[in-house]
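Below, each chain spelled out in residue letters.
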Amino acid sequence: MRFQGIRGILIGLGVFGLATPVSHALEGENWWIGGRIKQGVSVAYDLPGQSDKAGPANFLAEVNGNWQPSDDISVKGSFWLRGDLNANNGPDTRQGGIQDFTSAGFRDQFGFNTNGRGSGFPGEPFGADQEELELFDDFNEEVIREASIKYRDPDGRFAFKVGKFQRGWGQSDGLRLLDVLHAQDLRERSVLRDAEDTRIPSWMATLDLDFRNMGIAGPFEALGMHRPALELVVIPEVNHSRFIVNNPTPSSAASGGIWGFPFPRLIDSKSNQGLGFIGVDLGENEVDSFELDNSEFGARLKFEALGADWTLNGFYGQQDLPVVALQGSNLIVGSPLGDPTGSTVIPLDVANTVGAAHAPGQYLDFLRSLPTGPIAWPLGAFGCNDPTVTAPNCALNLDFDLDYDYRQKLVGFSFTREMRELKLGPKNVSPVMRLEFSYEFDKPFNKATVVTPFGEVETGTTALVIDPSQSIVERDQWSLMVGFDYFLWLPFWEDQRSSIFTSFQFFNIHTDDGDELFFQAPYSAAGSRVPENHNYATFLWNLGLMQEKLFIEGLSIYDDDFDGFIHRQRVDFNFFGDKIRPRLEWVHVDGDDEQGIPGLFGNSDYIEASITVQF
């Protein structure tokens, strides 16, 4: 059936504009080499308390090649370098740092310069360079996009591919249900780049079996499953999603710019006080690659039935987003800002960290006593000044791991059908209906409410300061997407030359007892819990004007439960032949702080002008 491919082609027009053939820089009878160079400049215009600033100036240089020594064998390579020319050269962009202990109730945050050193205490004591964004140059993880060899059986019975590459499952826009084979690189614009650019390729092998050409389709045909084909995937290289947390803590400082995940507000839910004198050291508990016990496996059965295209999917892999696990802490004696330089560092294990935070008369009791008259300062024995009496000189840096060591166990199906019995509009066009369903077993979450060893019930940020065996739980989660694609012709537009492609999707993500779970730890603002039924809606459209020389595309994502909204608007100017592609792109994000995905990037709005040259 053809409509799945048509949809992919039309969406893909937004990458370079027209899908017209492009001659390659070098080519022979059975090989070619080509590529693209892209440079953008942008303005970030929604920074908190600031005027417009120069945003990312992302660049990309890509070289692709293909060699087909015979009709049955093809070898592909794709390599790119990318980065941000403005990573450490542009104006300061300020976000919140640790809680400001000079403010009332410690509720404000110190300033954090995400583009270099801070201006100084007390206004902006923190800062970090965006050195990770400057150039992505790790050869295996960031430069190789594809290095593969594929063999096709001359009789069409099977195809085997091995190497480093990517393979996409599912067709949903903006949110992923079945497209789980590859983690995502979220360091540039989160999920708002094109899917093939966001996926992280892996060293893997795939085997595609055509049952009809193999002569074993009979049992499937008897069940009404026509043209059955099976896809098997083995991924020994395990990747998790890549992102940067804008962390002001001096011992773990990092900056991802306007698309870095913000440092969370650390607020005590009981006293509504900020958790002053607290920093966070972040580590990662990753899964080792190229070990059989950690490898990922996938299978997808494709067939036609009832006038529709179907897939049945199964995946046994690794989680690509983490839960947060306490590993202990470091008491910094000599710096209230958590700077170990020139200070005495006293390491505490998990049990002592939990005691220092939650035991009677310790940190949280002291904090909660401040509005009514403080109890004795619990850290005096370590040489820490009582902050209610004199200048503070101590801080506690909590040590958390972003823990990815959990299996992802998922099954699902997809359904795509052109509704030929329904003809709409002046051109009698039939819509296409799409369904995707996934069921994930034992998905890990951080609990939003725990009971401490001292009998106290803690909710929100303070619930993370607990042994991981108490803070991490598993829940089953199922997700459903219903979508409709339609080629729209407007009755009042008499000289409309081409249709407007439109795609509407509705998502429901169901999690039992979600109000007990963080949507994504460590973000713990009131209300940032997992909805029992989390609803999203997306709308994608594109239109070619002026004989397709002006190509316009819009993508909107609405988070109904957290009342968040994301819009990406692109305009491609295809007036300069098939090799030069200027583009304007606008991204607007609106959401309450720490409420769902839009709430993490509410100050990431930008307008970018870019040019791509293909060769």
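Everything here concerns the structure above.
What counts as what
- Residues numbered from 1 in each chain as written.
- Predicted model: local features only at pLDDT ≥ 70, side-chain atom pairs only at ≥ 80, totals over all residues.
- Heavy atoms only, no water.
- Helix = DSSP H or I, 4+ residues; strand = E, 2+ residues; numbered from the N terminus.
- Rg over C-alpha atoms; globule rule 2.2 N^0.38 Å.
- Buried < 20%, exposed > 50% of the residue type's maximum accessible area, 1.4 Å probe, protein only.
- Contact = heavy atoms within 4.5 Å.
- Areas by Shrake-Rupley, 256 points an atom, 1.4 Å probe, with all protein chains shown as cover.
- Core = buried A, V, L, I, M, F, W, Y, C linked by side-chain atoms within 4.5 Å.
- Patch = residues over 30% accessible without salt bridge, like charges linked within 9 Å, V, L, I, M, F, W, Y side chains within 5 Å.
- Salt bridge = Lys/Arg side-chain N within 4 Å of Asp/Glu carboxyl O.
- Lys, Arg positive; Asp, Glu negative; His and termini not counted.
- Charge placed at Lys NZ, Arg CZ, Asp CG, Glu CD.
- Pairing = 2+ DSSP bridges.
- Disulfide = S-S within 2.5 Å.
- Polar contact = N/O pair within 3.5 Å; in protein donor to acceptor, adjacent residues only side chain to side chain.
- Axes fitted to C-alpha atoms, helices over the stretch in contact; angles between N-to-C directions.
- Phe/Tyr/Trp six-rings, centres within 6.5 Å; stacked < 30°, edge-to-face > 60°.
- Lys NZ or Arg CZ within 6 Å of the ring centre and 35° of its normal.

Caption draft 1: Broad picture of the overall build of the protein. Looking only at helices and strands, the protein features 10 helices and 30 strands. For 615 residues, the compact-globule formula gives about 25 Å, and the C-alpha radius of gyration of the protein, at 27 Å, lands near that figure. With respect to the principal axes defined by its C-alpha atoms, the protein has extents near 80 × 55 × 50 Å. Among the 615 residues that make up the protein, the fraction classed as buried is 53%. Within the protein, contacts between residues separated by at least 24 positions form 65% of all contacts whose residues are at least 6 apart in sequence. Surface accessibility of the protein: about 26200 Å² in total, with carbon and sulfur atoms responsible for 57%.

Caption draft 2: Quick peek at the nonpolar core. Membership of the largest hydrophobic core comes to 70 residues, with the highest contact counts inside it found for Phe-243, Trp-259, Phe-261, Leu-275, Ile-278 and Phe-400. Residue contributions to this core peak at 5 residues, all from strand β19 (residues 394-403). If near-sequence neighbours (up to four positions away) are discounted, Trp-259 is found in contact with Leu-186, Arg-187, Arg-189, Ser-190, Leu-192, Val-587, Val-589, Phe-601, Ser-604 and Tyr-606.

Caption draft 3: Looking closely at a negative patch on the surface. Taken together, the side chains of Asp-137, Asp-138, Glu-141, Glu-284, Glu-286, Asp-288, Glu-291, Asp-293 and Asp-405 present a region of like negative charge at the surface. Structurally, Glu-291 can be placed in the loop between β14 (278-285) and β15 (296-305).

Caption draft 4: Looking closely at the pairing of strand β21 (residues 432-446). The pairing of strand β20 (residues 407-418) with β21 spans 10 bridges and is antiparallel. Across the sheet, the residue bridging to Val-411 is Tyr-439, located in β21. Taken together, the 13 bridges between β21 and strand β24 (residues 472-488) define a ladder with antiparallel strand orientation. By the bridge assignment, Phe-445 is partnered in β24 with Val-473.

Caption draft 5: Representation of a nonpolar patch on the surface in the model. On the surface, Ile-37, Met-546, Phe-575, Phe-576, Ile-580, Ile-611 and Val-613 cluster together into a nonpolar patch covering about 620 Å² of accessible area. Within the secondary structure, Ile-37 is located in strand β2 (residues 31-44).

Caption draft 6: Just the state of the cysteines, in detail. Tallying each qualifying case throughout the model produces 1 disulfide. With its sulfur 2.1 Å from that of its partner, Cys-384 forms a disulfide with Cys-394. Disulfide Cys-384-Cys-394: torsion about the S-S bond near -90°, hence left-handed. One end of the pair, Cys-384, is in the loop between α8 (363-369) and β19; the other, Cys-394, is in strand β19, and 10 residues separate them in sequence. Here the two residues Cys-384 and Cys-394 agree in accessibility, since each one is buried.

Caption draft 7: Spotlight on helix α7 (residues 350-358). Summarising burial for α7: 7 of the 9 residues are buried, a large majority. Within the sequence span of α7, burial applies to Val-350, Thr-353, Val-354, Gly-355, Ala-356, Ala-357 and His-358. At the N-terminal boundary of α7, the capping side chain belongs to Asp-349, with an oxygen 3.3 Å from the backbone nitrogen of Ala-351.

Caption draft 8: Geometry of the sheet that holds strand β8 (residues 126-127). Read from one edge to the other, the open sheet built from 3 strands follows the order β6-β7-β8, with strand pairing classed as mixed. The sheet is open, and its two edges are formed by β6 (94-99) and β8, each paired on a single side. The sheet contact formed by β6 and strand β7 (residues 109-113) spans 4 bridges and is antiparallel. Bridging from a neighbouring strand, Gln-95 pairs with Phe-112 of β7.

Caption draft 9: Structural view of the pairing of strand β10 (residues 144-152). The pairing of strand β5 (residues 73-84) with β10 spans 7 bridges and is classified as antiparallel. From the neighbouring strand, Ile-73 faces β10, where its bridge partner is Tyr-151. Between β10 and strand β11 (residues 158-165), which pair antiparallel in sequence order, lie 5 residues; one of them, Gly-156, sits at a positive phi of approximately 70°.

Caption draft 10: Region of interest: the sheet that holds β19. Here we have 4 strands laid out as an open sheet, ordered β14-β19-β17-β18, and mixed in their pairing. Both edges of this open sheet fall to β14 and β18 (344-348), since each of them pairs with a single strand only. Looking at each pair of strands side by side, their axes are set apart by 30° on average, direction ignored. Relative to β19, β14 runs parallel, the two sharing 8 bridges. Paired with Ile-278 across the bridge in β19 is Leu-396. Its contacts with the sheet put α7 on β17 (323-333), β18 and β19, and the angle it makes with β17 is roughly 75°.

Caption draft 11: Spotlight on the packing of aromatic side chains. Considering all chains together, one arrives at 22 aromatic pairs under this definition. Ring plane angle 20° and centroid distance 4.9 Å describe the contact between Phe-101 and Phe-277, whose orientation is recorded as stacked. Of the two residues, Phe-101 sits in the loop between β6 and β7 while Phe-277 sits in the loop between β13 (226-235) and β14, which places them 176 residues apart along the sequence. Phe-277 shares its class with Phe-101; the two are buried. Judged by centre distance (5.6 Å) and plane angle (80°), the rings of Phe-106 and Phe-277 are edge-to-face. Of this pair, Phe-106 sits in the loop between β6 and β7 while Phe-277 sits in the loop between β13 and β14; the two residues are 171 residues apart in sequence, bridging distant segments of the chain. This pair shows no difference in class: Phe-106 is buried, exactly as Phe-277 is. Connected via pairs of aromatic rings, a cluster forms that spans Phe-101, Phe-106, Phe-110, Phe-121, Phe-126 and Phe-277. Its guanidinium or amino end placed over the ring of Phe-165, Lys-161 lies 4.4 Å from that ring's centre, counting from NZ or CZ. Over the aromatic face of Trp-489 sits the side chain of Lys-427, whose NZ or CZ is 4.8 Å from the ring centroid.

Caption draft 12: Looking closely at the pattern of salt bridges. According to the stated counting rule, one finds 34 salt bridges in the structure shown. The partner of Glu-231 in a salt bridge is Arg-167, and the shortest N-O contact between them spans 3.1 Å. Residue Glu-231 is located in strand β13, and its partner Arg-167 is located in the loop between β11 and α4 (195-198); the two are separated by 64 residues in the primary sequence. Residue classification places Glu-231 among the buried positions, given a relative accessible area of 0%. Close ionic contact of Lys-270 with Glu-456 constitutes a salt bridge, the shortest N to O distance being 2.9 Å. Remark: Glu-456 occurs in the loop between β22 (449-451) and β23 (457-459) and Lys-270 occurs in the loop between β13 and β14; sequence separation between them is 186 residues.

Caption draft 13: Molecular detail of unusual backbone geometry. In this chain, Phe-121 is followed by Pro-122 through a cis amide linkage whose omega measures 5°. Mapped onto the elements, Pro-122 comes out in the loop between β7 and β8. With an omega of 15°, the peptide bond between Ala-521 and Pro-522 qualifies as cis. Positionally, Pro-522 belongs in the loop between β25 (500-511) and β26 (533-545). Of note, Asn-272 is a non-glycine position whose phi angle comes to about 60°, a positive value. Here Asn-272 is to be found in the loop between β13 and β14.

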